[in-house]
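Understanding the architecture of this molecule
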Amino acid sequence: MDALLLSRIQFAVTTMFHILFPVLTIGLALYLVIVELLWFVTKQEIYYRMYRFWVKIFAINFGIGVVSGVVLEFEFGTNFSRFSQSVSNVFSPLLAFEVMTAFFLEAGFLGIMLFGWERVRRSIHFLATCLVAAGAIISAFWILAANSWMQTPAGYRLVDGKFMVADFRAAIFNPSLPIRMSHMTMASFETSAFVVAGISAYFLLKGRQVDLFRRSLGIALVMAALFSILQIYFGDASGRQVFHHQPEKLAAMEAHWETNVKEGAPFAVIAIPDMRAEKNLFEMNIPNGLSLLVTHSSYGKVMGLREFPKEDRPNVLILFWSFRLMVAIGFILFFVMIWAGFLWLRGRLYESRPFLWILVVVHPLGFLATELGWITNEVGRQPWLVYHLMRTSEGISPIPAGNVIWSLSLFLIIFAAIGASYSYYVLKTLRIGADLSSPIPSVQRPAGMLPFQGVRKGDSVKG
Amino acid sequence: MDLVIIWSCLLALAILLYVVLDGFGLGIALLFPTTRDEEERNILMDSIAPVWDANQTWLVFGGGALFVSFPMIYGVLFSGLYIPLLTFVFGLIFRGVTFEFRAQATRKKPWNMAFFLGSLVAVVAQGLTLGGILSGMKVAGGHFAGGPFDWLNPFSVMVGIALITGYILLGSTYLIIKTTGAIQERAYGHALRSAWIVLGFQILVTIWTPLHYPSALTNWFSPPRIYFIWTFPLLGLMAFYGLNKSLKSRCEILPFVYSVIFFFAGYLGLIASIYPIAVPPSITFREAAAQQETLRFTLWGVIIVLPLALAYTVYSYSVFRGKVGKEQYYH
C-alpha cells in the first residue's frame, strides 16, 4: 500500500472516530439548554438534577471531541500538504474562523458550565450553557462550509494550479452548504434526542429514578419526533441537491447506470452493482421511483453513470449501500416516533414496555446513520479532492508510506483504548445514575424553588 | 501596514500564548511524580481543569493561523515533521482525555500515568519539532523534500529536554498561585531548581544555535540587530534575577510573571536571530505568505473576534481565580 491509500484510510479512521463525539456534543448541548431553561423558568429542582446528570455524559464526550479534532487540523498538513498548499487561500480561513468564532467560545465557557456552579449566578450559568451550545453549532457551520466547498467549489480563481480567492462570500455560502448544514445539524439533534431517549427508557424499564427519567424522556421524545420528521425533509432536499450539483455521485448512490430516455428512471430498492460490468447483477426496482424522488416528476431525466468516464466514477457498491442503510435508519426512527405518537394519544407513552425496549435498541442508530451519511458524502466525492478540480492523488504529502503505517497503527490502538474507556466510564456514570441528594450551591438555589420529591428508598445512590 | 508583517506578529503572539498557557498546564502534569497522594493529585488537576481546554485552543488557533497566513510553511513543516508533530498529538490526546476519565475512575493510577506520560511525550515532541525546524528543512519547489527523520539530531533532543525544564518552571510557578501548604512549599523548591536549569539551557541554546545555524551569528553582529539583540539576554537575566528573588521572598504571583518574561526573552531572542527567515535555511515569511485578500479577510475576523476571545478567556480565569481546594470539581 502506498502513502496515498494509507493516508486516505487514516483520514477516514480519524474523522469517523472524531465525528461521533461532536454529533452528541451539538445535540446534547441543545438538550441541556432546554433543561436549564426549564430550571431557570419553573424553578423545579428536578431540572437541576437532570442537568447535573446529563452534563456528566456531555463532559466526557466533549473532551474526546476536542482532542480527536486537533488530529484533523494536523492531518491537513501532515498527510495532505499538497492539497493544503494549493487550496489554502480559499479553504484555510474557514478553519481559522471556526477556531475564532466557535472554539474560543466553547472553551471559554465550558469551564463555567462544568465547574462554575459555586462561582457564578444562575443566569450566568445558563448563558454559559447557551454559548457552549452556540459554539458547537457555529463550529459545525464552518466545518460544513469547508467540506461543502470541496464538494461544490465556488468563489475561486485557478492560477497555475493554485486556488486564489475571488469572492469569500461565494466560497463560504457555496451551493451545497445550506442544505448540508441543515442535514448535519438535524442529524446531531436527532441522534442525541434518541440517545437521551434510549438511556431514559432503560432507567424506566429498570424502575430506577423514575420521575427524573420520565421527565428526561418526555423532552427527548418531543425533540426526536420533531427532528425525525424534519430530517426526512432535509434528507430529501439533500439528495436533490446532490442530483443538481454532483450527478455522478447521485447516479452511484442509486446504482443508476443508463440515462433514462423515454420512461422514468426506476428506484432500486436493493441491488448488487458491478462496477466492471457497468450494471447491476441483481436489482429490485420501483418504476419511475428515482425520477420522482430527485426531479419530482415521473419521467424526469436522471443521468446514468455510463455518461461519465470510468476514472471519474466513485465506488458504486459502497455508495449504494451506505446511502440505503442511512435512509433506512432515518425511516426506522421516523416510524418509532409514529408509534410514540399513537401511544401518547392513548396515554401509555411511559408504560409500554415494548416501546421503551425499542427506544433502547434504536438509540445508537443515529450515530450509524451519521457515519453512513459521511461515507456517502466523502466516498461519493472521489476520485476528487476538490470536486472536478483536484484529484485526491494530487493532494498527498511528499511522505513515505512508512510514516503513515506508523501513525495509522498508533491511531487504531489509541482510539480503541479511548473508545473502550469512554464506553466504560459512560456506562459507569449510568450505573451510578443521577445524584438526587447533593446540596445545591446557594448561588444556584432560586427563591421559591420547588423541591424535587423524587428521592425514594434505594434511589439516593451517589457517585 | 504590511499584511505579512502583521500576520508574522500575530502568529508569534499565538505561539507565545500557547506556550505560556498550555505550558503551565503541561508543566503541572510533569510534576505529577512529585505528588504524595491522590488528594494532592486532585488539587493539581483541579488547578487546570477549568482552563486547559481554552489554553489548548491557542494551539489550534496557531495551527489555523499558520495555515491561513503562510500555507507553504504549514505544508512543509507538517509533512516534514510528520513524526514529531503526530507524536505531539498522541501525547495531547492522552493528556486531554485524562481530565474526565481520571475523575470517573476508581483506580486512578493508570490515568495518572497517562496524564504524566501524555504530557511528557507532548512536551518532548514539541521540543523536537522546534529543534527540527531550527536544524533546517530541505525544500524543493515549495514542498518538503527531505527524509522522515531529518529532525532527529543532538540539538533537537537537547531542545526537547530543555522544554521539559522550561514547562516545569511555568507549571510550578502557576501552582504557587493556585495552592497553599505543602504543595505550594514544594512548588517553590521545584521552581527554584528548574529556574537554574532553564538558565543553563538558555545559555546552552544561545551557544549552540549559531554552531547549528551559522547565519544566526552573522545576524547578531550586523546592523540593525547588533543594536538591540543584546536586550533579549539582558531581559532574560533580569527576569531570572527577579524570579530568584521573588521565589526566595515567597511571593505568590510574581514568580509566574517573571517566568513568563524569562520565556518571552528567550523566545524573542530566537525570533530575532532568524527573522525574516521563517524556516531555515531559506523559506522567508514573504515568499510563504498567502494571497493578500486571504490575509486581509481573515485579519478582519481576527480584529473583531480575537479581542472577544481574549475577553472571555480573561473572564473565565477571573471566575476561577483564587486557591484550589475549596470546592471539588469532580465528585
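First, a word on what this report is: a plain description of the structure on this page. Keep in mind the model is a prediction, meaning the values are calculated, not measured.

About the thresholds
Residues numbered from 1 in each chain as written. Chains lettered and ligands numbered in written order. Predicted model: local features only at pLDDT ≥ 70, side-chain atom pairs only at ≥ 80, totals over all residues. Helix = DSSP H or I, 4+ residues; strand = E, 2+ residues; numbered from the N terminus. Rg over C-alpha atoms; globule rule 2.2 N^0.38 Å. Buried ≥ 20, exposed ≤ 12 C-beta atoms within 10 Å, placed from the backbone. Contact = placed C-beta atoms within 7 Å. Axes fitted to C-alpha atoms, helices over the stretch in contact; angles between N-to-C directions. Parallel < 35°, antiparallel > 145°, perpendicular 65-115°, else oblique. Left-handed = near helix turned anticlockwise from the far one by under 90°. Nonpolar A, V, L, I, M, F, W, Y, C, P; charged D, E, K, R; others polar.

Points about the overall build of chain A
Looking only at helices and strands, chain A has 13 helices and six strands in total. Taken against the 2.2 N^0.38 rule, which gives 23 Å for 463 residues, the C-alpha radius of gyration of chain A at 24 Å falls within 12% of a compact globule. Counting all 463 residues of chain A, 51% fall into the buried class. For chain A, the share of sequence-separated contacts (at least 6 apart) that also reach a separation of at least 24 residues comes to 75%.

As for the packing of helix α6 (residues 177-205) of chain A against helix α11 (residues 353-362) of chain A
Residues and elements named next belong to chain A. One way to put it is that α6 packs onto α11 with a least axis distance of 8 Å and a crossing angle of 135 degrees. The orientation of α6 with respect to α11, classified from their angle, is oblique. Between α6 and α11 lies a crossing whose hand is left-handed. Listed contacts from α11 to Phe194, Ala197, Gly198, Ala201, Tyr202, Leu204 and Leu205 of α6 are Arg353, Leu356, Trp357, Leu359, Val360 and Val362. When its residues are assigned to classes, the contact of α6 with α11 shows eleven nonpolar, one polar and one charged.

Some thoughts on the interface of chain B and chain A
The interface is formed by 57 residues belonging to chain B together with 57 residues belonging to chain A. For the side of chain B that touches chain A, the secondary structure elements donating two or more residues are α3 (52-69), α4 (71-80), α5 (82-104), β2 (143-144) and α14 (292-319) of chain B. In terms of residues, the side of chain B that touches chain A owes the most to one element, α5 of chain B, which gives 14 residues. For the side of chain B that touches chain A, the per-class residue count stands at 37 nonpolar, 16 polar and four charged.

So, the environment of Ile6 of chain B
Residues and elements named next belong to chain B. Within the fold, Ile6 resides in helix α1 (residues 3-30). Exposure remark for Ile6: the 16 C-beta atoms within 10 Å place this residue in the partly exposed category. Sequence separation between Ile6 and Ser69 is 63 residues; the distance between their C-alpha atoms is 9.9 Å.

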